[in-house]
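# Structural overview for review
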Amino acid sequence: MCSSDLNFAENLLATGKDSHTALHFFHESGVDVKISYADLKESTQALQEEIKGVLKKGDVLAAFMPNIPETVIAMLATAGLGGVFTSTSCDFGVEGVVDRFGQSKPKVLVAAAEYQYNGKTINLISKIEEIKKSVPSIEKVIVVDFLGSTPAHDYTRWEDIQPLEKKDPTFEAMNFSDPLYIMYSSGTTGKPKCIVHSIGGTLLQHIKEHGLHGNMSENKTTFFFTTCGWMMWNWLVSGLFFGGKVVLYEGSPGYPSLGDYMNIINRAGINF
């Protein structure tokens, strides 16, 4: 880890035992899905095969996504290839997304076809089309239909991405100070400003916080309620470094009731 050659995604996936649960995903609709470390690696490798013709070292992949496993996979695939990951939440307006992605200039956009909040489903295809037109750097769009409603579009479907062969993900050797994430200021004093976080600095800081402050281990589970437009999402997924379980929740904590949401603590065995 002190070497100048390291890969963020490789570090996050190195400890977890293949059979152990990496991500435990809950959705306000009642969806409850567990994804093992083996499945996470396989999905990461499959996405890398799909995007490596477009995304090279230093290129940016942007996610316009809810807090679902596919977003984590998109980040791991990007970081593994030596790319830079950036994200916004699905409840952002087109202008807010373009203000951010227009500066970070992604080559690949991974976006949800729709999302659900407080029982209401919001279709995002028209927003995706506007974002694509407004950010000329985008060469490839991958749409994730995680609610299974298959709204019409002409983009690459995430559900059609399959590995050509089962093998480990690619982990490009990177420098400690190479960029990993682009995040953004709030935009309260003009357009949001890009904030770049390095591979090594992010890794060390998150290991310290999850390991020393959160006492994370392979036998523990961590959770934080966040969207993909907040830096706490980036922090949360680094819990994978210790080989334990990371819980993702997408939706309103008040739907169908606050009691249902709070019961996830017991259902997932959350420690932190």
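Everything numeric in this text was worked out from a predicted model, so none of it was measured.

### Quick word on helix α6 (residues 199-213)
- If you check α6, its first and last C-alpha atoms are 20 Å apart, about what 15 residues at 1.5 Å a residue would give, namely 21 Å.
- I199, G200, T202, L203, H206, I207, H210 and G211 are the residues of α6 that are buried. Relative to the axis of α6, the buried residues are bounded by an arc of 160° and lie together on one face. Structural note: α6 exposes L212 and H213 on the side pointing more than 90 degrees away from its buried face.
- Where α6 terminates, the next one or two residues include N215, which has phi positive at roughly 55°.

### Some words on the side chain of T226
- Looking at where T226 falls in the secondary structure, it is placed in the loop between β12 (221-223) and α7 (231-237).
- Classification of T226 as buried rests on a relative accessible area of 3%.
- Engagement of the side chain of T226 in a polar contact is seen with the backbone nitrogen of W233, the distance being 3.5 Å.
- Non-local contacts of T226, meaning those with residues more than four positions away in its chain, are made with N67, M232, W233, L236 and Y249.

Conventions we followed
Along each chain, residues carry numbers from 1 onward, in the same order as the chain's sequence is written. For a predicted model such as this one, the threshold for reporting local features is a pLDDT of at least 70, and the threshold for listing and counting side-chain atom pairs is 80 or more; totals across whole chains, interfaces and linings nevertheless cover every residue. The basis for every side-chain value is the complete set of heavy atoms in the structure, and neither hydrogens nor water enter the calculation. Helical segments are the DSSP runs of H or I of at least four residues, strand segments are the runs of E of at least two, and each set is numbered from the N terminus. An expected span of 1.5 Å times one less than the residue number is assigned to each helix. The buried label goes to any residue with under 20% of its type's maximum accessible area, the exposed label to any with over 50%, and the partly exposed label to all in between, with areas taken from a 1.4 Å probe on protein chains only. Each C-beta atom gives one direction from the helix axis, and the arc is the one those directions make. Each polar contact in these results corresponds to two N or O atoms within 3.5 Å; when the atoms are within protein, one needs to be able to donate a hydrogen and the other to accept it, and residues that are neighboring in sequence are counted only if both atoms are side-chain atoms. The contact definition used throughout considers only heavy atoms, calling two residues in contact when any of these lie within 4.5 Å.

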